[in-house]
Each structure stands twice: as structure tokens, then as C-alpha cells.
Amino acid sequence: MVASSRASVAAVTGGAGGIGEACVARLRAQGWQVVVRARNMDLARGVAARHGAIAREIDLADTASIDAAAAWVEREVGHCSALAAVAAHLENPHMPENQDDAEWDAILRVNLTGTFRTLTAFGAGMLERGQGSIVTVGSITAFNSSPLQAYGPTKAAIINMSRNFAVAWGRRGVRVNCVCPGPTRTPAVEASYARGERNPDTMIRQTALGRLVKPEQVANAIAFLLSEDAGAITGIELPVDAGTLATQLWSLYGGVPGAAQS
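Remember, it's a predicted structure, so these values are computed and weren't measured experimentally. (Residues numbered from 1 in each chain as written. Predicted model: local features only at pLDDT ≥ 70, side-chain atom pairs only at ≥ 80, totals over all residues. Heavy atoms only, no water.)

Trainee: What's the story with the pairing of strand β6 (residues 174–181) in this structure? I'm lost.
Mentor: Within a regular beta strand, the side chains point alternately toward one face of the sheet and then the other, so they alternate between its two faces. Summarising burial for β6: eight of the eight residues are buried, a large majority. Residue alternation in β6 divides its side chains into two sets, V174, V176, C178 and C180 and R175, N177, V179 and P181, and both sets are buried. Where strand β5 (residues 132–137) meets β6, six bridges bridge the pair, whose relative direction is parallel. Looking at β6, one finds that I134 is bridged to V176. For the handedness criterion, the β-α-β arrangement of β5, helix α5 (residues 151–170) and β6 is classed as right-handed. (Buried < 20%, exposed > 50% of the residue type's maximum accessible area, 1.4 Å probe, protein only. Helix = DSSP H or I, 4+ residues; strand = E, 2+ residues; numbered from the N terminus. Pairing = 2+ DSSP bridges. Right-handed = clockwise from strand over helix to strand, strands pointing away.)

Trainee: What's the story with a nonpolar patch on the surface in this structure? I'm lost.
Mentor: A contiguous nonpolar surface patch, about 410 Å² in accessible area, is contributed by L249, L252 and Y253. Secondary-structure assignment places Y253 in the segment after β7 (237–240). (Patch = residues over 30% accessible without salt bridge, like charges linked within 9 Å, V, L, I, M, F, W, Y side chains within 5 Å. Areas by Shrake-Rupley, 256 points an atom, 1.4 Å probe, with all protein chains shown as cover. Salt bridge = Lys/Arg side-chain N within 4 Å of Asp/Glu carboxyl O.)

Trainee: Just to check I follow, could you spell out the packing of helix α3 (residues 63–77) against helix α4 (residues 101–129) for this structure?
Mentor: A pair of packed helices is characterised by two quantities: the angle between their axes and the separation of those axes. Here α3 crosses α4 at 30 degrees, and the two axes come no closer than 9 Å. Between α3 and α4, the interaxial angle falls into the category roughly parallel. Taken as a pair, α3 and α4 cross one another with a handedness that is right-handed. Seen from α3, the contacting residues are T63, I66, D67, A69, A70, V73 and E74; seen from α4, they are G114, R117, T118, A121, F122, G125 and R129. Across the contact of α3 with α4, the residue classes tally to six nonpolar, four polar and four charged. (Axes fitted to C-alpha atoms, helices over the stretch in contact; angles between N-to-C directions. Parallel < 35°, antiparallel > 145°, perpendicular 65-115°, else oblique. Left-handed = near helix turned anticlockwise from the far one by under 90°. Contact = heavy atoms within 4.5 Å. Nonpolar A, V, L, I, M, F, W, Y, C, P; charged D, E, K, R; others polar.)

Pasting the structure below:
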């Protein structure tokens, strides 16, 4: 065994990313024993070292890798009773006619098929024991149109998938919910700002709160839904978006009150 299984075990896929690391930190603070699952093991080991977690490789594009990752946690760490399925293939804005076919396939393989396989692999032990909680990560792009031509549809599918699992597994003791972040200042998004692919000021103007989301704020929602405090909650989509969804029609009437207009 890698470590004692006395503490409740949680796995975080995409644990080396901004939201993923924030989840690791939050779950560790709550007393979970956390396994950081990521494809980039250098980053995963760094996250694990910073937060007292365990790092192990996973590739969401490879079903065998997902199955092996779930089996390793059960065998070497302990019974996994919580899963934060954070890992995703990101995408830059573009027009539909400019979609790259290889990127389309990669995004669907990781975000959609990879998430499905992750839930079934890690959920198998939860079903055997009749207890567990899973949180998937969607996006507010699932609720409306955007220039993220492949990413948005996969996130909409994750919402539907999460509802399916919630009902299919609810009476077998496993809760499944979905957190949908809005514009979040992760390292990957910050790099996109630096490359000029997105404009943070434009995004801020579309929020009700006048600020973007921090990874820690998304992690707080995920940790809550994984916890027993949310024991009667399953099958929901929880936006964590600084009120971006709520502002949709305000642009037709001059914009959000108090926001600087360009």
C-alpha cells in the first residue's frame, strides 16, 4: 500500500491543472486522502508534494489507462469514495468552418468518452460498496452558444451524462453532480490571455459580480458536493460563474449596471 487507507480516499483527474490543484488543496484541508491523477506527471508530482497528496498517471484518451488508474487506487491506496472528474481537453475560440478535425476528435475522446470511462471505472468500487460521490466538471458554455465549437458540445453532453448516472446509480448509493465553471483564471486561461486569444476585461463586463472566478471558488463547490453536507443532492448542475449566465439579456439594455462600457 502507498499510504494508510484510514482516511477517506478521493481521486482528482486533471489534478495538475488550476481547478484540479485547487480541488486537491481543498479536499486535503477537509481531511481526504487525495490521489492526483494527470497525464503530466511532473506537474502532478509537484501538486502532490505541495499538498501532501499522491500522484499517479492517467490518460483520459486511453481506456486501459483509466481502468488501470482506478484499479491502482483501490489496490494501493484504499477504497475510493469520491471522484472529482476535472480533466478536460481545452479549446481556443474559432469559427465552425475553421475546426481542425484532429482537435475535434481529441476533444470528444477526452472530454466525452474519457469522462464516461472515468465514471464507470472509478464508480465500480463505489457501486460494490453502495456508497460514493462523484462530481463532473461541465461549463457554462453548455448552456448557450459560444465560439468553442467542440468544447461546448462536450460539456453539454457531460451535463446530460451526469444526470443519467445520478438516476441510474442513485438507489445504489452513489451521488453524481456537475459543477459548471464560468470564466475562471486558471493558468491555462491566463496563458490564453497572454497570447491575445481571450480578453479578461471583455469577460469581466459580462459578469454580474464584476470579477472572474478563482479556481479555489470552483473547488469549494466541488468539495461541497462531494461531502456528506450535500448528502441529499444529486443530478444537479451548479454554475460557478460570477453571475455570467444571469446577465445574458442585459447587453440588450446597455449592459450590466456599473460595468464600464466600450
